[in-house]
Amino acid sequence: MVPYANAWQYVRGRIDRAATATGRAPGSVRLLAVSKTFPPPAIRAVYGLGQRAFGENYVQEALEKMDALADLPDVEWHLIGPLQSNKTKVVAERFQWVETIDRLRIAMRLSDARPADLPPLNVCVQVNISGEASKSGVSPEEALALAHDAAALPRLALRGLMGIASDTPVVATRHAEFAVLRALFDLCRSGGLPVDTLSMGMTADLESAVAEGATQVRIGSAIFGPRGRDA
Ligand SMILES: *Cc1c(COP(=O)(O)O)cnc(C)c1O
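Residue numbers run consecutively from 1 along every chain, following the written order of its sequence. Side-chain atom pairs in this predicted model are given and counted only at pLDDT of 80 or more, local residue features only at pLDDT of at least 70, and totals for whole chains, interfaces and linings cover all residues. Hydrogen atoms and water are omitted, and side-chain values are computed over all heavy atoms in the structure.

With that out of the way, let us pick up the environment of Pro 40. Secondary structure follows DSSP: runs of H or I at least 4 residues long count as helices, runs of E at least 2 residues long count as strands, and numbering of each begins at the N terminus. Looking at where Pro 40 falls in the secondary structure, it is placed in helix α2 (residues 40-48). Contacts were defined at the residue level, with two residues in contact if any of their heavy atoms lie within 4.5 Å. In contact with Pro 40, not counting residues within four places along its chain, are Lys 65, Ala 68 and Leu 69.

Have a look at this one:
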């Protein structure tokens, strides 16, 4: 029995049931496996189940894992943690996705640093939908302008929007927050941006996110188990 097989299958089932329950096609929601704090053997095991997209929050930790897993040809690495400008070069060189674009300056640096022999770097604009000061992301009011600016950069491919809902037991609150992100996503599309990714929903709230239109959920602990500290 491959480690993590039950957990990974169970998460896939949760996603498919959530999609079906709201009239969406099962398989219309991608699973990003969030591997932060978990070591390369754990990632390798989940890769062995067929998972290809992995999310990491910390650049240095991710680079070490990329090196340890360099023999796996088609892993897709997503940066889902904050990005400092002194890390943009290595991130542009090593990641396939950056989901945490929250200012134009960072987007410009990533575009400038993306190597010419690689396809454009996939990016999402991170929107602060919870309104909590501690959370990253642009305000909903600023999101569309940043999305249009990022989409115009030559070495970036704007794929969509990313958000994190409040950590609350109140289901209606997170539905409302996810609905804000969905509305912004629809405005991107109607404004002519070729976006296809609405990245929202984690272990605790994936059903709410899928009900509100998520095309990608980011799941860590339901696959890999609890993280020691809240990392
Ligand atoms: C850690 C993290 C996740 C995954 O959280 P879980 O609750 O373990 O599923 C998703 N998105 C972001 C931005 C994270 O930092």
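The next subject is the packing of aromatic side chains. Between the rings of Phe, Tyr and Trp (Trp by its six-membered ring), a pair exists once the centres lie within 6.5 Å; its type follows the angle of the planes, with under 30 degrees stacked, over 60 edge-to-face, and the other angles tilted. All chains considered together, the criterion is met by 3 aromatic pairs. Measuring from ring centre to ring centre gives 6.1 Å for Phe 54 and Trp 77, while their planes differ by 40°; the resulting arrangement is tilted. You can see Phe 54 sitting in strand β2 (residues 53-56) and its partner Trp 77 sitting in strand β3 (residues 76-79), a full 23 residues away along the chain. Buried residues are those whose accessible area, probed at 1.4 Å on protein chains only, stays under 20% of the maximum for their type, while exposed residues exceed 50% and partly exposed ones sit between those limits. On the basis of relative accessible area, Phe 54 is assigned to the buried category, the value being 0%. Look at Trp 77 and you get buried, because its relative accessible area is 6%. It is Arg 52 that lies over the ring of Tyr 47; its NZ or CZ is 3.6 Å from the centre. Two conditions define a charge located above a ring, namely a distance within 6 Å from the ring centre to NZ of Lys or CZ of Arg, and an angle within 35 degrees of the ring normal.

With that settled, the discussion passes to the pairing of strand β1 (residues 30-34). For β1, the tally of buried residues reaches 4 of 5 residues, placing the bulk of the element in the interior. Two elements, β1 and strand β8 (residues 216-219), share 4 bridges in a ladder whose sense is parallel. Bridging across to β8, Ala 33 finds its partner in Ile 219. Here, strands pair whenever DSSP counts at least two bridges between them. Examined bridge by bridge, β1 and β2 share 2 bridges and lie parallel to one another. Bridging from a neighbouring strand, Ala 33 pairs with Phe 54 of β2. For the segment spanning β1, α2 and β2, crossover handedness is right-handed. Crossover handedness is defined by viewing with both strands directed away from the observer: a clockwise path from the first strand over the helix to the second marks the crossover as right-handed.

Looking now at the site of the ligand. Contacts to the ligand come from Val 34, Lys 36, Asn 57, Ile 80, Ile 164, Met 202, Thr 203, Arg 218, Ile 219, Gly 220, Ser 221 and Arg 227. At 2.8 Å from an oxygen atom of the ligand is found a main-chain nitrogen or oxygen belonging to Ser 221. Two N or O atoms form a polar contact when they lie within 3.5 Å of each other; inside protein one atom must be a possible hydrogen donor and the other a possible acceptor, and for residues adjacent in sequence the pair counts only when both atoms belong to side chains. Within the contact set of the ligand, an oxygen atom lies 2.8 Å away from a side-chain nitrogen or oxygen of Arg 227. The Shrake-Rupley method, run with a 1.4 Å probe sphere, supplies the accessible areas, and residue values consider only the shown protein chains as cover. Here the ligand, which alone exposes 390 Å², has 90% of that area covered by the protein. When grouped by side-chain class, the residues that make up the shell around the ligand number 5 nonpolar, 4 polar and 3 charged. Proximity is defined per residue: if any heavy atom of the residue lies within 4 Å of a molecule or strand, that residue is considered near it. Polar here means any residue other than Ala, Val, Leu, Ile, Met, Phe, Trp, Tyr, Cys and Pro, which are nonpolar, and Asp, Glu, Lys and Arg, which are charged; Gly is therefore polar.

Okay, the pattern of salt bridges next. Salt bridges, as used here, are contacts in which a Lys or Arg side-chain nitrogen is within 4 Å of a carboxyl oxygen on Asp or Glu. For the structure shown, the criterion picks out 12 salt bridges. Ionic pairing is found between Asp 74 and Arg 52, a salt bridge with its closest N-O pair at 3.4 Å. With Asp 74 in the loop between α3 (59-68) and β3 and Arg 52 in the loop between α2 and β2, this residue pair connects regions lying 22 residues apart in the sequence. The residue Glu 132 makes a salt bridge to Lys 135 at a minimum N-O spacing of 2.8 Å. In this structure Lys 135 comes out as partly exposed when scored by relative accessible area, which is 25%. Taken together, the salt bridges that share partners define one network made up of Glu 56, Glu 61 and Lys 65.

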